[in-house]
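# Report on the structure
Here's the letter readout for the chains.
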Amino acid sequence: MHPFLAELLGTALLILLGDGVVANVLLRHTKGHQGGWIVITFGWAMAVYVAVFCVSSYSGAHINPAVTLALALAGKFSWNQVLPYIVAQLMGAMLGALLVWLTYKKHYDEQNAPDLILMTFCTQPAIRHRFFNLLTETIASWVLILGVLYMAKPDVGLGAIDALPVSLLVLAIGLSLGGHTGYAINPARDLGPRIIHALLPIPGKRDSDWSYAWVPVIGPVLGAVLAVATFALVGH
């Protein structure tokens, strides 16, 4: 499989299963309705597990622009491949979100809470304060990228950690740091589905909250840069 296609497929699987568990918990009349935060965080961890397991041998399973950027900054990934990987990740995230909508379409048709509909696509803060929202995303992403850099084998990517350890890393971040912003920790994970939310003909939906959309993009980028700086400073 070509690395571009692998990143697209891996990110699509990530969002299909990750946003899928959010839809299962939040949308009315689903079997998992009101399953709670533990179900969501565990579902996202398993989404990472499946995505990494499927494509790690083809692309390294970055499935996250922040990971791709961090590896390039650390000299572990070619800068020539950064843009193609990010494009593939964004396209995959959009595809995954579209598949979630198709899977739960009848539930979206009966949902009467526009904010909940939006949250099945992208993150929303529990308390809106852009500085602290940004800080939370930066710290959570710093943990993710630092974990990637310290746990990865010489040829790195999320796949180099193996699927189970990285999924447990994401589970820990979700349980411990995810309650404030929903732990996007991945620009493509938030931006791609947000674009799809804006485009889809969902009855009664609200706007896509573009005034907040920069936070889950910039936060993971800042976290990646700080993680690489930490890794270089403290030694490895």
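In this convention, every chain numbers its residues from 1, walking through the sequence in written order. It should be noted that, the model being predicted, local features are given only for residues of pLDDT at least 70 and side-chain atom pairs only at 80 or more, the latter also being counted only at that level, while totals for whole chains, interfaces and linings use all residues. Computation of side-chain values covers all heavy atoms of the structure but excludes hydrogens and water.

## Details of the overall build of the chain
By the criteria applied, helices consist of DSSP H or I runs no shorter than four residues and strands consist of E runs no shorter than two, each listed in order from the N terminus. Broken down by element type, the chain carries 10 helices and zero strands. For the chain, the α and β elements follow one another from N to C terminus as α-α-α-α-α-α-α-α-α-α. Its C-alpha atoms give the chain principal-axis dimensions of roughly 50 × 40 × 30 Å. Of all intrachain contacts in the chain linking residues separated by at least 6 positions in sequence, the fraction that spans at least 24 positions is 78%. Surface exposure of the chain reaches about 10100 Å², of which carbon and sulfur atoms provide 70%. Charge separation in the chain, taken as the distance between the mean sites of 12 positive and 11 negative side-chain charges, equals 4 Å. Whether two residues touch is decided by their heavy atoms; if any such pair falls within 4.5 Å, the residues are in contact. Under the convention used here, a 1.4 Å probe and the Shrake-Rupley method define accessible areas, while residue burial counts only the protein chains that appear. Lys and Arg are tallied as positive, Asp and Glu as negative. Neither His nor the chain termini are counted. The atom standing in for a charge is NZ when the residue is Lys, CZ when it is Arg, CG when it is Asp and CD when it is Glu.

## What about the UniProt feature "transmembrane region" (unreviewed entry) in the chain?
UniProt positions are given in the numbering used here, feature names are shortened, and annotations may be inferred rather than shown by experiment. Within this numbering scheme, the UniProt entry marks residues 6-27, 39-63, 83-104, 131-152, 164-185 and 212-234 as carrying the feature "transmembrane region" (unreviewed entry). Taken end to end, residues 39-63 is 84% helix and 0% strand, and its first and last C-alpha atoms sit 22 Å apart. Annotated as 87% helix and 0% strand, the span residues 212-234 places its first and last C-alpha atoms 33 Å apart.

## Quick word on the nonpolar core
Only buried Ala, Val, Leu, Ile, Met, Phe, Trp, Tyr and Cys residues count toward a nonpolar core, and they belong to the same one when joined by side-chain atoms within 4.5 Å. Using a 1.4 Å probe on the protein chains alone, a residue whose accessible area is under 20% of its type maximum counts as buried, one over 50% counts as exposed, and one in between counts as partly exposed. The biggest cluster of nonpolar side chains holds 57 residues, and the ones touching the most others in it are Leu-14, Trp-44, Tyr-108, Phe-121, Leu-144 and Ile-145. Those residues in contact with Tyr-108 that lie beyond four places of it in its chain are Ala-23, Leu-27, Val-100, Trp-101, Ile-117, Thr-120, Phe-121, Ile-202 and Pro-203.

## Observations concerning the pattern of salt bridges
Each salt bridge in this description consists of a side-chain nitrogen of Lys or Arg and a carboxyl oxygen of Asp or Glu lying within 4 Å of one another. Taken as a whole and judged by the stated rule, the model has seven salt bridges. With a shortest N-O distance of 3.0 Å, Asp-115 and Arg-206 are connected by a salt bridge. Of this pair, Asp-115 sits in helix 6 (residues 114-119) while Arg-206 sits in the loop between helix 9 (187-199) and helix 10 (215-234), and the two are 91 residues apart along the sequence. A relative accessible area of 24% means that Arg-206 is categorised as partly exposed. When salt bridges that share partners are traced, they join Lys-105, Lys-106 and Asp-109 into one network.

## Quick word on the packing of helix 1 (residues 3-26) against helix 2 (residues 37-59)
To define axes, lines are fitted to C-alpha atoms, for helices over the stretch in contact only, and angles between the resulting N-to-C directions are given on a 0 to 180 degree scale. Direction vectors running N to C along helix 1 and helix 2 enclose 170 degrees, while the axes themselves pass 8 Å from each other. The orientation of helix 1 relative to helix 2 falls into the category roughly antiparallel. Regarding helix 1 and helix 2, the two cross each other, and that crossing is right-handed. Basically, the charged four are Asp, Glu, Lys and Arg, the nonpolar ten are Ala, Val, Leu, Ile, Met, Phe, Trp, Tyr, Cys and Pro, and anything else, Gly included, counts as polar. Looking at the contact of helix 1 with helix 2 residue by residue, the class counts come to 20 nonpolar, four polar and two charged. Should an angle lie under 35 degrees it is considered roughly parallel, over 145 roughly antiparallel, and from 65 to 115 roughly perpendicular; all remaining angles are considered oblique. Put simply, a crossing is left-handed when the front helix is turned counterclockwise from the back one by less than a right angle, and right-handed when it is turned clockwise.

## Concerning the packing of aromatic side chains
The rule is short: rings of Phe, Tyr and Trp, with Trp giving its six-membered ring, pair when the centres are within 6.5 Å, and they are stacked under 30 degrees, edge-to-face over 60, tilted in between. All chains considered together, the criterion is met by six aromatic pairs. A ring pair is formed by Tyr-150 and Phe-231, whose centres lie 4.9 Å apart and whose planes are at 75 degrees; its orientation type is edge-to-face. With Tyr-150 in helix 7 (residues 130-151) and Phe-231 in helix 10, this residue pair connects regions lying 81 residues apart in the sequence. By relative accessible area, Tyr-150 is classed as partly exposed at 41%. Using a relative accessible area of 7% as the deciding quantity, one classes Phe-231 as buried.

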